[in-house]
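The primary structure of each chain is shown beneath.
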Amino acid sequence: MKVLITGATGYIGKRIIPLLLNEGHSVVCAVRGKLRTEQKFFDEEDIEVVEADFLKPETLGNIPKDIDAAYYLIHSMSTSVDQFHKMEEACAVNFKNYIETTNARQVIYLSGITNDTKLSKHLLSRKNVENTLKSKVYALTVFKAGIIVGSGSASFEIIRDLVEKLPVMVTPKWLNTKTQPIGIRDVLSFLVKALGRTELYNRSHDIFGPEILTYKTMLLEFAEIRQLKRYIVTLPVMTPKLSSYWLYFVTSTSYKLARSLVNSMGIEIIGKPSNINALLEVKPMTYKDAVALAFEKIESNHIASSWKDALINSRHKKRASSKYLKVPKYGCFKDIKERHVIDEQRTLDKIWSIGGENGWYYGNFLWQIRGFLDKLVGGIGLRRGRTNKTEIHTGDALDFWRVLIADRQQKRLVLFAEMKLPGEAWLEFRVNKGKVYQRATFRPRGLAGRLYWYCVLPFHGFIFKGMINQLAKA
């Protein structure tokens, strides 16, 4: 079959593509910008990449008409609470209107369990999207999942941050809320096996793991797997706003996402039993098994996708990545350095491993301070890290940078800053003819931008000199 994947660069999208290819299907990946798409998407014979923004109906004509089915994997949880409901509805309406003009016979939608009459704004929006996607032209298959557990998932990384950073946790009362977590591998199995199954046309099923757990139990079982002793005290009162700030400063989540999660976590999410497990021959794993499997992926450095890849400073959301692809030369402040290298391949390996847990090779405490200051003013800080310790691709998130160019063959890496700045910033590395070149470029915006550059200039001289010296070493 020829299958359309929306949200193709997202957490679920990236993982489902190779599974569909293994089943013999061809895949059409709808992305908002090709520049944020990994090169391997273009290299695969059975993958077609098209640019389509479902908030802009005029762009949807790039999607071929001869598709047989589509996966709807779009969500806007990181958008402000006041906007995501309207944005999600608009995306769903535009998607439906266009897909009805194609040959698609089935649309598969991944939603959240909405079995309670009292729903958060996020879950209400998910339910509204489901109703919007229903059509008389194609069949809709809906899977509703609770907390998804897997390497790189938002829930997994938040729990990991809490458990590994805090020996004693003073937590909100919603940690006693019950839920049914499900492993990412099982979610993908349901999604892939449902493709083309006529008995699932116009049907909705809750999918969930075999256990009903509180969030507190999930934290303690996670700690047990990590062989850590943790103590949790729940407070009877902690407002959603305070809870959101608590998650924001302790974990790697954004404040907007933290607020959406907190609003959802106060509501019990228990799935409705059905015959779907037997029908698709999926036996969901336990929470502990899902966590253990996630750490196997992490330790072998095989994380296929991360929710952080989509986390971007809202200041840059509406700007085209291509606008920043060419590093400007005029009206900018620059810090340019070069060094002779002892081993080009070794230097290139270091460049491709920069950031995240590997650090920036020099003055890491200053990078951490800069990340903390960015976080204080509502920026993304260093929370995103990097998905893979040794590999990097165009479009990846890298601490508070976005990878614009990662061309190993041309030995060039270009990063664009997504931190809060009074201007725009680029950081470029290049290896050529026995030398490593490092260029930091800052295009200021107004007087504030110029003052900012001169304030940080002494630190740049210290950090950038040390960094290129380390890169040039064997």
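Residues numbered from 1 in each chain as written. Predicted model: local features only at pLDDT ≥ 70, side-chain atom pairs only at ≥ 80, totals over all residues. Heavy atoms only, no water.

(A) Up close: the sheet that holds strand β4 (residues 69-72). Taken together, seven strands build an open sheet; the order of strands is β3-β2-β1-β4-β5-β6-β11 and the sheet is parallel. On the outer flanks of this sheet lie β3 (47-51) and β11 (203-207), each paired with one strand and no other. Within the sheet, the average angular offset between the axes of one strand and its neighbour, ignoring direction, is 20°. Sitting on the sheet, helix α1 (residues 11-22) touches β1 (2-6), β2 (26-31), β3, β4 and β5 (106-112), and the angle it makes with β1 is about 170°. Where helix α6 (residues 184-193) meets the sheet, it contacts β4, β5, β6 (139-145) and β11, and its direction lies at approximately 155° from that of β5. (Pairing = 2+ DSSP bridges. Helix = DSSP H or I, 4+ residues; strand = E, 2+ residues; numbered from the N terminus. Axes fitted to C-alpha atoms, helices over the stretch in contact; angles between N-to-C directions. Contact = heavy atoms within 4.5 Å.)

(B) Representation of the packing of aromatic side chains within the structure. For the coordinates displayed, the defined rule picks out 17 aromatic pairs. Judged by centre distance (5.9 Å) and plane angle (55°), the ring pair of F400 and W401 falls under tilted. What makes F400 buried here is its relative accessible area of 1%. An angle of 45° between the planes, with centres 5.5 Å apart, marks the rings of F442 and Y452 as tilted. One end of the pair, F442, is in strand β19 (residues 435-444); the other, Y452, is in helix α14 (residues 446-472), with 10 residues separating them in the sequence. Residues F442 and Y452 agree in their burial class; the two are buried. Through successive ring pairs, a cluster of aromatic residues spans F333, F442, Y452, W453 and Y454. The ring centre of W352 lies 5.5 Å from the NZ or CZ of R408, which sits over that ring. (Phe/Tyr/Trp six-rings, centres within 6.5 Å; stacked < 30°, edge-to-face > 60°. Buried < 20%, exposed > 50% of the residue type's maximum accessible area, 1.4 Å probe, protein only. Lys NZ or Arg CZ within 6 Å of the ring centre and 35° of its normal.)

(C) Spotlight on the pattern of salt bridges. Scanning the model with the defined rule gives 16 salt bridges in all. Here K337 and D335 are joined by a salt bridge, their closest N and O atoms 2.7 Å apart. When sorted by exposure, K337 lands in the same class as D335, which is buried. In this structure, E338 and K435 form a salt bridge, with 2.7 Å as the shortest nitrogen-oxygen distance. Linking E338 in strand β14 (residues 333-340) with K435 in strand β19, this pair joins segments that are 97 residues apart in sequence. Salt bridges linked by common partners bring K2, E48 and D66 together as one network. (Salt bridge = Lys/Arg side-chain N within 4 Å of Asp/Glu carboxyl O.)

(D) Main features of the sheet that holds strand β18 (residues 423-432). Ordered in space as β14-β19-β18-β17-β16-β15, the six strands form an open sheet in which the pairing is antiparallel. Among the strands making up the open sheet, the edge pair consists of β14 and β15 (397-398). Strands β14, β18 and β19 of the sheet are contacted by α14, whose axis makes an angle of about 5° with β14.

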